[in-house]
Amino acid sequence: MAGMHHVALHARDFERTVGFYRDLLGLSIEWQPDADNVYLTSGRDNLAIHRATGEVAETGQRLDHIGFIIAVPDDVDRWYEYLTANGVAIDAPPRTHRDGARSFYCHDPEGTSVQLIFHPPLSASRASAR
């Protein structure tokens, strides 16, 4: 197994949610087969956003959070400042964890919790792959 590199989310406010990941987090659209589905990428992963309709819009599956790996600890703080300046809902300022990871949580327009995290083992492999 090569790891988890794909997440799919339902979004009631489809356009705002796509805009959050594209315009604020910097993902690019890889494929948009129709007006209700878009696939975004950072170049190493894939995030699908599907327009929530019907029962899914009311009772759709929820997950705890999704995370984006950040290459160096200082970039976590830069992301925090950038997203705060753009009015993104933030849970708390960045903090360093016992294992040396550094992160904070924010929320996309649908309320999905998004963690931006410097995680030493994963961040090192991302930085060396550049």
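Provided above is the structure to which this section pertains.
As a starting point, this report considers the structure included with it. Numbering of residues starts from 1 in every chain and runs along the sequence as written. Totals for whole chains, interfaces and linings use all residues, but because this is a predicted model, local features are given only for residues with pLDDT of at least 70 and pairs of side-chain atoms are given and counted only at 80 or more. Values shown for side chains rest on all heavy atoms present in the structure; no hydrogens or waters enter the calculation.

### Some points on helix H3 (residues 73-85)
In an α-helix, one turn spans 3.6 residues; hence positions three or four apart end up facing the same way. With 13 residues, H3 should cover 18 Å at 1.5 Å per step; its first-to-last C-alpha distance of 19 Å lies within 8% of that length. At the exit of H3 stands Gly 87, carrying a positive phi of roughly 75 degrees. Labels follow the DSSP assignment, with helices taken as runs of H or I lasting at least four residues and strands as runs of E lasting at least two, numbered in each case from the N terminus. By this rule, a helix spans an expected 1.5 Å times one less than how many residues it contains.

### Brief notes about the sheet that holds strand S2 (residues 28-34)
Two strands qualify as a pair provided DSSP detects at least 2 bridges between them. Sheet architecture is open: 4 strands sit in the order S1-S4-S3-S2, paired in mixed fashion. Since the sheet does not close on itself, it has two edges, and those belong to strand S1 (6-11) and S2, each with one partner. Neighbour to neighbour, the strand axes of the sheet diverge by 20 degrees on average, direction disregarded. We call two residues in contact when some of their heavy atoms are within 4.5 Å. Here the axes come from fitting lines to C-alpha atoms, over the contacting stretch only for helices, and the angles between their N-to-C directions go from 0 to 180 degrees. Here helix H1 (residues 14-24) sits on the sheet in contact with S1, S2, strand S3 (37-41) and strand S4 (46-51), set at roughly 165 degrees to S4.

### Looking at the side chain of Thr 17
Residue placement: Thr 17 occurs in helix H1. Polar side-chain contacts of Thr 17 include one of 2.9 Å to the backbone oxygen of Asp 13. Throughout this description, a polar contact denotes any pair of N or O atoms lying within 3.5 Å of each other; where both atoms belong to protein, one of them has to be capable of donating a hydrogen while the other can accept it, and for residues adjacent in sequence the pair is counted only when both atoms sit in side chains.

### Comments concerning H1
Within H1, the full set of buried residues consists of Phe 14, Thr 17, Val 18, Gly 19, Phe 20, Tyr 21 and Leu 24. Just past H1, the residue Gly 26 takes up positive phi, approximately 85 degrees. Buried, partly exposed and exposed residues are distinguished by accessible area as a fraction of the type maximum, computed with a 1.4 Å probe on protein chains only: under 20%, between the cut-offs, and over 50%, respectively.

### Side note on the pattern of salt bridges
Counted as salt bridges are all cases of a side-chain nitrogen of Lys or Arg within 4 Å of a carboxyl oxygen of Asp or Glu. Here the structure, examined in full by the defined rule, presents 7 salt bridges. Here Asp 13 makes a salt bridge to Arg 16, at a shortest N to O gap of 3.6 Å. Residue class for Arg 16 comes out exposed when judged on its relative accessible area of 52%. Taking the shortest distance from any N to any O, the salt bridge between Asp 23 and Arg 22 comes out at 2.7 Å. Taken together, the salt bridges that share partners define one network made up of Glu 15, Asp 36 and Arg 51.

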